[in-house]
There are 2 protein chains.
Amino acid sequence: MAQTPSATVLDEHNLSSVAQFATQLRVDSIRVSTHAGSGHPTSSLSAADLMAVLFARHLHYDFSKPKHPDNDHLIFSKGHASPLLYSLYRGVGAVTEDEFLTYRTFGSRLEGHPTPILPWVDVATGSLGQGLPIAVGVALALKEIEHRSAHVWVLCGDSELTEGSVWEAFDKASLHNLDNLTVIVDVNRLGQRGETELGWDIESYARRMESFGLYTLAIDGHNLGEIDEAFTEVSAVQGRPSVILAKTIKGKGVPEIENKNGWHGKPLPKEMADAAIAELGGVTNHMLTPPAPVEGAPAVSAPPFAGHALPTYQVGSAVPTRKAFGDALAALGDNPSLVVIDAEVGNSTHTDEFGTAYPDRFFQTYIAEQQMVATGEGMHVRGFKPVMSTFGAFFSRAYDFIRMAAVSQANLYLAGSHAGTEIGQDGPSQMALEDIASLRAVHGSTVLYPSDATSTASLVREMLDRPGIVYMRTTRGSYPVLYDATETFPIGGAKILRSGTSDSLTIVAAGVTVHSALAAHDELAAQGIAVRVIDLYSVKPIDQDTLQNAVEATGKRLLVVEDHYPEGGIGEAVLAALDHTHGPYAFRHLAVSDLPGSGTPKELMDHAGIGIAAIVAAAKTLAGKA
Amino acid sequence: MAQTPSATVLDEHNLSSVAQFATQLRVDSIRVSTHAGSGHPTSSLSAADLMAVLFARHLHYDFSKPKHPDNDHLIFSKGHASPLLYSLYRGVGAVTEDEFLTYRTFGSRLEGHPTPILPWVDVATGSLGQGLPIAVGVALALKEIEHRSAHVWVLCGDSELTEGSVWEAFDKASLHNLDNLTVIVDVNRLGQRGETELGWDIESYARRMESFGLYTLAIDGHNLGEIDEAFTEVSAVQGRPSVILAKTIKGKGVPEIENKNGWHGKPLPKEMADAAIAELGGVTNHMLTPPAPVEGAPAVSAPPFAGHALPTYQVGSAVPTRKAFGDALAALGDNPSLVVIDAEVGNSTHTDEFGTAYPDRFFQTYIAEQQMVATGEGMHVRGFKPVMSTFGAFFSRAYDFIRMAAVSQANLYLAGSHAGTEIGQDGPSQMALEDIASLRAVHGSTVLYPSDATSTASLVREMLDRPGIVYMRTTRGSYPVLYDATETFPIGGAKILRSGTSDSLTIVAAGVTVHSALAAHDELAAQGIAVRVIDLYSVKPIDQDTLQNAVEATGKRLLVVEDHYPEGGIGEAVLAALDHTHGPYAFRHLAVSDLPGSGTPKELMDHAGIGIAAIVAAAKTLAGKA
């Protein structure tokens, strides 16, 4: 590659300067991907003109202050165009030439797809159709909670418009009249393996988007003047989100590969890259400074939740944990960082109580769980603490969003109600039975499953001060309150509910099965068999010491009972936590093996072999007293 | 409840008879949910007129022959309207009065939400926004593969139209000109917790659907004549899918609760139900027979795949397992039941080879993973063996569809490529690192992770004869072929790749880590440490005997290494398979703990502690020779 020349500062008022900047973005996108030996230069070239104009004249952003609360937001929903994004960062002086050339190498911040390891990146993208839904959450927070004038810009590819999540996002952007949101679609016609479904049929795209309530413009994505006018026009639109459908050419600027299939995700070979760069005028070091943000109010305040008063419950009274969850949210609502998002089940998950008390920080996505999680993530980007709640089973709808939020290292609080066979008559479609497995496997996640109202309320407060993805599983039915308000429930802990010196085994339960385990304890005691009972309210992280000590103290006999499928749930979490050099262990695992149907909660739990009788029988077998 | 009178046969040519049938559906929906003490009568009442007309005059279906290949299909995407569906089954004589009253009781086929335990139900519904996408797959199979005249009818609720999956489905129905598909939307305005996003704004719905290419009719959903004309009209539409937007009243027929909030998912109290039933004319036993199916060709033939020739590979040659997967699909393609569905990555997952050889059974959903899985499930309904393939990470987008397919007990074949940190430079957004955990937890699933081309090809053939949800994980890079074509790979088995009488521990690996384990074996051997190496190509079901025997024979020392997050993956699967009464065990688990970035595959695997050096070090520690 050629030596980088010294910097020249561009005049952003002059479109020919902007053209120089666009050319530099092309050169840099080509050279950085060829240098790395992988990446997506052609998907970068198509959007270079759009982004050059945006950065020169419309993106209000101080790159020296990425945490400035009034910066605009720019989300590359087409995260594979990272060569372009990083070329922009180089062109505004945020990334040095040396760092630029670390693209895609081990340890570099410039990963194959952008992540918030870079301070100017709000969220990780690379799973298509996610950047826009999250941007809707950002724009919603800016407009409806923070009342700022910052604008949210999203660069989408045309391929990702076939993801349903994109249409959930358009719908919600329109519902909330998000005139601070502009979606720029780089319609370059070619996807990874050939033409996209609609190709350059801009009219069809426009018709669909207009029908969803968007202010829609169609432009030539390589005409700088048209681009500039479009950005000016959409910035002035009132009451509606806007979309710019930019007809572009994949590979634009390198004639041999322009609009050609077979060049997706392929760097140009070295000789071809050198020739293309020479043809474009060689490596340059133009610098520009985007418009400054418009100063507004200070950033949202997010005081800790620790120490805040919680609702209290009388020991022995019957309260569903989902109700205690809702009570706790409402109690904690005077913390201005708390926002709650519902997907049309707030009267079941009990987020409605928060909604009534704090309507300005309660958002309804209707039945759109992907958008619910994305809205929350957008609000996290703005510094809020977002709680999202639906039936535990339905977080499976947003699993890719949750997975990607973990890559973003976002703080999201997910509360899944109606867990397991315990829900009874509604049947298996409504039963979360794989939620613990799937959410334990999310990077850096926390998984909580309280058994009573007191511990639920306490853990709601605990979780809101915890980073990462936190999942709390709640139960549909009413069960007795076990703990009084003085008890503490640190995340990573466990409670020994029953114990004695002659315990012949340990029963580990969580959530609803704690109540069955306690009943089994009494029945076994009546038969002269003493057992220890542990409430494993924190499934991840798990309290290894308490588990190991209990097992050692009870003859190395251990029974785990859970309302979840056997794989990846509490049983495996407990096994993984044990020190196997201290075996042998007599280990039994009661979980839901057969596909459940409908029935009463008791019938279904008994049939699944996780009810009181099954626990008693398994305990007796383990204790050698069957 | 009143005594059921003796049966009367209705004349379906007379709309007043149809009205009597509709009234019976209302009476039955009320009485069956009140009898059960739970369920969704009001959501049933709104659609009773629509379904009465459909059954009387337009649904070509022989209820005595649910497997008749020319039956129309009717999918209740709003599965919570099960009281209505089961009332229809009673009214056509498919379900007796006695069975009818078992609704929602333990052991009954009449579950809270319909499942294919009932022979007239194609797929389980209850997670909203899924019935329609699956119906698109059914209609696609009927029209483009089977060339039958049967029609596919879907009953949707208005609440579920906010799910993005619904718009993926509309888009694909339109793309394929599915004029054999009619979507009936019961626009009753009220969701679970209040008004839906668009309420009775039928025009907005219509505009959006028209923009997606649907033939759209708006009708009064309680006017039998209008309904009848609408069904007649849509049956004649050519070249486009159709949608009937029926404005309805939730609770229609019970004036006190009509169009009132607060009655979602609530049965009427006994006295109120009795009064409503009396007002409607009491319990009746009208019977009708829907129109007969139009006889066509025999059902699709699905001969076994066992015994079919496979591609062969030379031991030692370097072949990516994703390539072998694609080769095997193409080789097995002359089985007429095999269909393959791609979500725009077929050139990466290697399903393109099948697409070239069998274009008539290869379908493109573009980037729409929910629709990809739904299309496959629809084809399963028609008797095909559907293979769906994308990057392993992106099946997380369709996790709720996969979960529900397990409730349907459907046979789906999912192949996820680009697993783990091994993909290298593209970074974590593209890495499947929680796929094994999430897919192991799916009810009745099978999880395969072959290490070489020979075993991959063999397991593709094996899996296609296996029922349930089968997930195969493949690897991006090229690795040596380990097995020759004479080896067999039964599902539930494992291969001992290295073993000797003086082995001091067992290393369990799968997929890419098998190659690292083999290299570690050689390095350890050079240092005088003999180790056993197991290729755990079948993660679920797991070969307990081979694992237990190996561990017992190698000093009860065990090392598991996997390119996956620690939770719910291969390590926990192996732990769960062991007999812990035979401990103590020296157990080590190498998995990906930190969030990966970009880098070469080797750098990333080494950094994650799952590379050769990490295996060697862990093995030496376990063997007491560190």
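All values derive from a computational prediction rather than experimental measurement.

Thresholds applied
- Residues numbered from 1 in each chain as written.
- Chains lettered and ligands numbered in written order.
- Predicted model: local features only at pLDDT ≥ 70, side-chain atom pairs only at ≥ 80, totals over all residues.
- Heavy atoms only, no water.
- Buried < 20%, exposed > 50% of the residue type's maximum accessible area, 1.4 Å probe, protein only.
- Helix = DSSP H or I, 4+ residues; strand = E, 2+ residues; numbered from the N terminus.
- Pairing = 2+ DSSP bridges.
- Right-handed = clockwise from strand over helix to strand, strands pointing away.
- Axes fitted to C-alpha atoms, helices over the stretch in contact; angles between N-to-C directions.
- Contact = heavy atoms within 4.5 Å.
- Buried area = accessible area lost by both parts, 1.4 Å probe.
- Salt bridge = Lys/Arg side-chain N within 4 Å of Asp/Glu carboxyl O.
- Polar contact = N/O pair within 3.5 Å; in protein donor to acceptor, adjacent residues only side chain to side chain.
- Nonpolar A, V, L, I, M, F, W, Y, C, P; charged D, E, K, R; others polar.
- Expected span 1.5 Å × (residues − 1).
- Least-squares fit on C-alpha atoms with pLDDT ≥ 70 in both.
- Lys, Arg positive; Asp, Glu negative; His and termini not counted.
- Patch = residues over 30% accessible without salt bridge, like charges linked within 9 Å, V, L, I, M, F, W, Y side chains within 5 Å.
- Areas by Shrake-Rupley, 256 points an atom, 1.4 Å probe, with all protein chains shown as cover.
- Charge placed at Lys NZ, Arg CZ, Asp CG, Glu CD.
- Phe/Tyr/Trp six-rings, centres within 6.5 Å; stacked < 30°, edge-to-face > 60°.
- Lys NZ or Arg CZ within 6 Å of the ring centre and 35° of its normal.

Some words on the pairing of strand 18 (residues 531–535) of chain B
Residue and element names in this part refer to chain B.
Moving on, step 1. Most of strand 18 sits inside the fold, with 5 of its 5 residues counted as buried.
Moving on, step 2. Of the two faces of strand 18, the one holding Val531, Val533 and Asp535 and the one holding Arg532 and Ile534 are both buried throughout.
Moving on, step 3. In the sheet, strand 16 (residues 495–498) pairs with strand 18 via 3 bridges, with the strands oriented antiparallel. The partner of Ile496 across the bridge, within strand 18, is Ile534.
Moving on, step 4. Note that strand 17 (residues 505–509) and strand 18 share 5 bridges and pair parallel. By the bridge assignment, Ala509 is partnered in strand 18 with Asp535.
Moving on, step 5. The parallel pair strand 17 and strand 18, bridged by helix 18 (residues 512–526), forms a crossover whose chirality is right-handed.

Structural notes on helix 15 (residues 399–407) of chain A
All names here are of chain A.
Moving on, step 1. Taken across its 9 residues, helix 15 has 9 buried, putting it largely inside the fold.
Moving on, step 2. Inspection of helix 15 places Tyr399, Asp400, Phe401, Ile402, Arg403, Met404, Ala405, Ala406 and Val407 among the buried residues, and these make up the whole buried set.
Moving on, step 3. The first or second residue beyond helix 15 is Gln409, which carries a positive phi of 55 degrees.

Concerning the sheet that holds strand 11 (residues 385–391) of chain B
Residue and element names in this part refer to chain B.
Moving on, step 1. Read across the sheet, 7 strands follow the order 10-9-11-12-14-13-19 without closing on themselves; strand pairing throughout is mixed. Single-partner strands in this sheet number two, and they are strand 10 (362–364) and strand 19 (538–540). Recorded for the sheet is a direction-independent mean angle of 20 degrees between the axes of neighbouring strands.
Moving on, step 2. In terms of strand pairing, strand 9 (residues 338–342) meets strand 10 through 3 bridges, oriented parallel. Directly across from Asp342, in strand 10, lies its bridge partner Gln364.

Section: the interface of chain B and chain A
Moving on, step 1. Opposite the 97 residues of chain B that make contact, chain A presents 97 residues.
Moving on, step 2. Across the chain B/chain A interface, buried area totals approximately 8200 Å², and carbon plus sulfur atoms make up 52% of it.
Moving on, step 3. Area buried by chain B at its contact with chain A is led by Phe106, Arg193 and Arg397 of chain B, which between them contribute 10% of it.
Moving on, step 4. For the interface between chain B and chain A, the tally reads 14 salt bridges.
Moving on, step 5. For the interface between chain B and chain A, the tally reads 59 residue pairs in polar contact (both at pLDDT 80 or more).
Moving on, step 6. Of the residues that constitute the side of chain B that touches chain A, the class distribution is 31 nonpolar, 41 polar and 25 charged.

Description of helix 18 of chain B
Residues and elements named next belong to chain B.
Moving on, step 1. Given a rise of 1.5 Å per residue, 15 residues ought to cover 21 Å, and the 22 Å separating the end C-alpha atoms of helix 18 matches this to within 8%.
Moving on, step 2. For helix 18, every residue scored as buried is listed here: Val512, Thr513, Val514, His515, Ser516, Ala517, Leu518, Ala520, His521 and Leu524.
Moving on, step 3. Just downstream of helix 18, Gly528 is the residue with a positive phi angle, here 85 degrees.

Focus on the relation of the copies chain B and chain A
Moving on, step 1. Each copy superposes on the other: chain B lies on chain A with an RMSD of 0.0 Å after a rotation of 180 degrees and an axial shift of 0.0 Å. Taken together, these values place the two copies in the relation of a two-fold axis.
Moving on, step 2. Of the interface residues in chain B, 100% have counterparts in chain A that sit at the interface too, so the contact is made through matching surfaces.

Notes on the side chain of Asp452 of chain B
All names here are of chain B.
Moving on, step 1. Mapping Asp452 onto the fold places it in the loop between strand 13 (446–448) and helix 17 (453–464).
Moving on, step 2. Buried and unpaired, Asp452 has no salt bridge, with Lys495 as the nearest side chain of opposite charge at 9.8 Å.
Moving on, step 3. Among residues more than four places away in sequence, those in contact with Asp452 are Thr321, Pro480, Val481, Leu482 and Tyr483.

Looking at a negative patch on the surface
Residues and elements named next belong to chain A.
Moving on, step 1. A cluster of acidic residues, Asp220, Glu226, Glu229 and Glu233, forms a negative patch on the protein surface.
Moving on, step 2. In terms of residues, the negative patch owes the most to one element, helix 9 (residues 224–236), which gives 3 residues.
Moving on, step 3. Its location among the elements puts Glu233 in helix 9.

Comments concerning the packing of aromatic side chains
Moving on, step 1. Scanning the model with the defined rule gives 34 aromatic pairs over all chains in all.
Moving on, step 2. On the numbers, 5.7 Å between centres and 25 degrees between planes, the contact of Phe55 of chain A with Phe63 of chain A is stacked. The same class applies to Phe55 of chain A as to Phe63 of chain A, namely buried.
Moving on, step 3. On the numbers, 5.4 Å between centres and 80 degrees between planes, the contact of Trp153 of chain B with Phe231 of chain B is edge-to-face. Here Trp153 of chain B is found in strand 3 (residues 152–157), whereas its partner Phe231 of chain B is found in helix 9 (residues 224–236), with 78 residues between them in sequence.
Moving on, step 4. Given the relative accessible area of 0%, Phe231 of chain B is considered buried.
Moving on, step 5. By way of ring pairs, the aromatic residues Phe55, Tyr61, Phe63, Tyr86, Tyr89, Tyr103 and Trp120 of chain A are connected into one cluster.
Moving on, step 6. Directly above the ring of Phe212 of chain B sits Arg208 of chain A, whose terminal nitrogen or CZ lies 4.3 Å from the centroid.

Brief notes about the side chain of Gln370 of chain A
Moving on, step 1. For Gln370 of chain A, the position within the fold is in helix 14 (residues 369–381).
Moving on, step 2. Judged by relative accessible area, Gln370 of chain A falls into the buried class, the value being 1%.
Moving on, step 3. Excluding residues within four positions of it along the chain, Gln370 of chain A makes contact with Ser165, Glu168, Arg397, Ala398 and Phe401 of chain A together with Gln370 and Arg397 of chain B.

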